[in-house]
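Coordinate inspection notes
If you want the building blocks of each chain, they are given just below.
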Amino acid sequence: METLSHFFVFMSLFSGLVSGFGLQNLPITSFEEGYTQLFGDKNLIVHKDGKSIRLTLDERTGSGFVSNDLYLHGFFSASIKLPSDYSAGVVVAFYMSNGDMYEKNHDEIDFEFLGNIRGKEWRIQTNIYGNGSTHLGREERYNLWFDPTEDYHQYSILWSDSHIIFYVDNVPIREVKRTASMGGDFPSKPMSLYTTIWDGSKWATNGGKYGVNYKYAPYIARFSDLILHGCAVDPIEQFPKCDEGAVEDIRAMQEITPSQRGKMDIFRRKHMTYSYCYDRTRYNVALPECVVNPTEAKRLRVYDPVTFGGIPRRHRNGKHRSKRSRIDGTESI
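Residues numbered from 1 in each chain as written. Predicted model: local features only at pLDDT ≥ 70, side-chain atom pairs only at ≥ 80, totals over all residues. Heavy atoms only, no water.

As annotated in an unreviewed UniProt entry, the protein chain is Xyloglucan endotransglucosylase/hydrolase from Arabis nemorensis. Turning to the protein chain, the UniProt annotation filed under Sequence similarities (unreviewed entry) states: "Belongs to the glycosyl hydrolase 16 family." As its UniProt record puts it under Function (unreviewed entry), the protein chain is described as follows: "Catalyzes xyloglucan endohydrolysis (XEH) and/or endotransglycosylation (XET). Cleaves and religates xyloglucan polymers, an essential constituent of the primary cell wall, and thereby participates in cell wall construction of growing tissues." (UniProt positions renumbered as here; feature names shortened; annotations may be inferred.)

As for the environment of N131
Mapped onto the elements of the fold, N131 is located in the loop between β8 (123–129) and β9 (140–142). Separated by 25 residues in the primary sequence, N131 and H106 place their C-alpha atoms 5.1 Å from one another. Setting aside chain neighbours within four positions, we find N131 in contact with N105, H106, D107, G184 and K189. A distance of 3.4 Å separates a polar atom in the side chain of N131 from a polar atom in the side chain of N105. (Helix = DSSP H or I, 4+ residues; strand = E, 2+ residues; numbered from the N terminus. Contact = heavy atoms within 4.5 Å. Polar contact = N/O pair within 3.5 Å; in protein donor to acceptor, adjacent residues only side chain to side chain.)

Remarks on unusual backbone geometry
With an omega of 5°, the peptide bond running from A217 to P218 counts as cis. You can see P218 is positioned in the loop between β13 (192–199) and β14 (219–233).

Details of the sheet that holds β9
Strand order in this open sheet of eight strands is β1-β4-β13-β6-β7-β8-β9-β16, and the pairing throughout is antiparallel. Unpaired on one side and paired on the other, β1 (35–39) and β16 (272–275) mark the two borders of the sheet. Strand-to-strand twist of the sheet, defined as the mean angle between neighbouring strand axes without regard to direction, takes the value 15°. As judged from the seven bridges shared by strand β7 (residues 108–114) and β8, these two strands associate in the antiparallel manner. By the bridge assignment, L114 is partnered in β8 with R123. (Pairing = 2+ DSSP bridges. Axes fitted to C-alpha atoms, helices over the stretch in contact; angles between N-to-C directions.)

Side note on the nonpolar core
Formed by 63 residues in total, the largest nonpolar core has its most connected members in I109, F111, F113, Y155 and V168. For this core, the element with the highest residue contribution is β14, accounting for seven residues. Excluding anything up to four places from it in sequence, F113 contacts I80, L82, V90, V91, V92, F94, W122, R123, I124 and Y155. Core analysis: the next-biggest nonpolar cluster, separate from the first, contains 11 residues, F39, V91, Y95 and Y194 among them. (Core = buried A, V, L, I, M, F, W, Y, C linked by side-chain atoms within 4.5 Å. Buried < 20%, exposed > 50% of the residue type's maximum accessible area, 1.4 Å probe, protein only.)

What to know about helix α4 (residues 258–271)
The end-to-end C-alpha distance of α4, which contains 14 residues, comes to 20 Å, matching closely the 20 Å that a straight helix rising 1.5 Å per residue would cover. For α4, the complete set of buried residues consists of Q260, M264, I266, F267, R268 and H271. Against the buried residues of α4 lie β9, β11 (163–168), β12 (171–177), β16 and α5 (294–300). (Expected span 1.5 Å × (residues − 1).)

A few points about the packing of aromatic side chains
Under the definition given, this model contains 16 aromatic pairs. The interplanar angle of 90° and the centroid separation of 6.1 Å between the aromatic rings of F65 and F223 together place this pair among those described as edge-to-face. Of this pair, F65 sits in strand β4 (residues 63–67) while F223 sits in strand β14, and the two are 158 residues apart along the sequence. Its relative accessible area of 0% is what places F65 among the buried residues. We classify F223 as buried; its relative accessible area is 0%. A centroid spacing of 4.7 Å and a plane angle of 70° characterise the contact between F113 and Y155, whose relative ring orientation is edge-to-face. With F113 in strand β7 and Y155 in strand β10 (residues 153–159), this residue pair connects regions lying 42 residues apart in the sequence. Neither residue differs from the other here; F113 and Y155 are each classed as buried. An aromatic cluster of three or more residues is present, and its members are F31, Y35, F65 and F223. Directly above the ring of Y102 sits K189, whose terminal nitrogen or CZ lies 5.0 Å from the centroid. (Phe/Tyr/Trp six-rings, centres within 6.5 Å; stacked < 30°, edge-to-face > 60°. Lys NZ or Arg CZ within 6 Å of the ring centre and 35° of its normal.)

Structure (structure tokens):
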């Protein structure tokens, strides 16, 4: 891994966020050139354009795909349309992991979409693990300002040596800064990108209160506009490779703008329903990177408690294990 240390000098350019850099400038990766089916047999369908994919969960199995390459840092994105109607227990995941390479000390960056009973909204959960820190959970959970089953919306992850940023429709919703106190808990090893739909009945909806009801199957999640804009890593030599275009794009990415930060603050104030930093059931003392805001703590107390951790979750496929209104910057959101 020594060669990776030299790469960090270059990747300091990546410490900013996607701000003025438009998604329209980034290349879309076709399924054939970027991905391989992970599981699910005929429950994965690639459309004729080669850039749209349908994943299905039914009584037989879920489904999923994985990037052909490992990446060390980058910008990763997909437009996703989630299953409608009754979806309790259904989990759609868009995440990065190296669990197949590092079984006991893997890293992970998660977007998890959690279904619900009829009449209740889908929720989003984000989480990170570093160096096998699955005994800790850094989950946050949110509602959305739109119905994610009606149309496609863009969900993105920016991962650098110093930042992890989660985006919804190019609006940052969570920023994780690498701190000395986090140590190896910050993801730092090359990872693949995974996309899956699976049965999370035991935990996903109110701690397992509501499970998948296959009377409403098949559950179909649709994906398009897949972006793999990072530095691929040779799995043997462990050396990242970036083409000239990627280098220029990375340099164009800047620190988060005041406008974006304002939108993020509004989103978190209006739509965040859980943060590990305020979970005193799990942690007597907040984890060291947490900045505790008394006003935020008071607001989050009104939500029902959510049970996390405990039983390790099979993250989506049985092979890979994981223990572990408009938004436009105005106050009217």
